[in-house]
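Examining the three-dimensional arrangement
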Amino acid sequence: MAETRMIDLNTVIGVYSLCNTGAVLVHAIDYAEDKILASINGENPVWCEMTEEYMEVTGETELGFTLGSFFIPLCEVMRFYSG
């Protein structure tokens, strides 16, 4: 039987949904260094540089971060309140 892992929701401050079984979780924001600690489904969090990227849909530049090949606009990250 597959091992079940639980996500410590106390460490999550934001969520960006990718699909019905995956989400980018934001664990921390370092404003001094302009970095975001993020992971996919809570596994192997990494520090990501904040950056801006042009969005063709809106025609504007959006502030966000890149996790792997995904650009995550901060305006689309939902605030998460645990517990």
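This text goes with the structure placed above it.
Residues take numbers from 1 onward in each chain, read along the sequence in its written order. Only residues with pLDDT of at least 70 are given local features in this predicted model, and only at 80 or more are side-chain atom pairs given and counted; all residues enter the totals for whole chains, interfaces and linings. In computing side-chain properties, one takes all heavy atoms of the structure into account and sets aside hydrogens as well as water.

1. Overview of the environment of G22
For helices the rule is a DSSP run of H or I covering at least 4 residues; for strands it is a run of E covering at least 2, with both sets numbered from the N terminus onward. Residue position: G22 is located in strand β2 (residues 22-30). Distance in space between the C-alpha atoms of G22 and G42 is 9.7 Å, their sequence separation being 20 residues. The criterion used for residue contact is that any of the two residues' heavy atoms lie within 4.5 Å. Apart from the residues within four sequence positions on either side, G22 is in contact with S17 and N41.

2. Observations regarding the sheet that holds strand β6 (residues 70-73)
Criterion used throughout: strands pair if DSSP finds at least two bridges between them. Strand order in the open sheet made by the seven strands is β6-β5-β4-β3-β2-β1-β7, with antiparallel pairing throughout. Edge positions in the sheet fall to β6 and β7 (78-79), since each has one partner strand and no second. The pairing of strand β4 (residues 43-55) with strand β5 (residues 60-67) spans six bridges and is antiparallel. Each bridged residue has a counterpart across the sheet, and for E53 the counterpart in β5 is E62.

3. Some points on the nonpolar core
Membership of the largest hydrophobic core is limited to eleven residues, which are Y16, V24, V26, I36, A38, C48, M50, F65, L67, I72 and V77. Counting only elements with at least two residues in this core, the list comes to β2, β3 (35-40), β4 and β5. Definition used in this section: a nonpolar core is a set of buried Ala, Val, Leu, Ile, Met, Phe, Trp, Tyr and Cys residues joined via side-chain atoms within 4.5 Å. Accessible area is worked out with a 1.4 Å probe on protein chains only. A residue is then buried under 20% of its type maximum, exposed over 50%, and partly exposed in between.

4. Describing the pairing of β5
Connecting β4 to the next strand, β5, in antiparallel fashion are four residues, including G59 with a positive phi near 75°. Two strands pair when backbone bridges link them, and β5 and β6 are joined in this way by four bridges, in the antiparallel orientation. Looking at β6, one finds that L67 is bridged to F70. The antiparallel pairing of β5 with β6 creates a hairpin that spans two residues between the two strands, and G68 there sits at a positive phi of about 65°.

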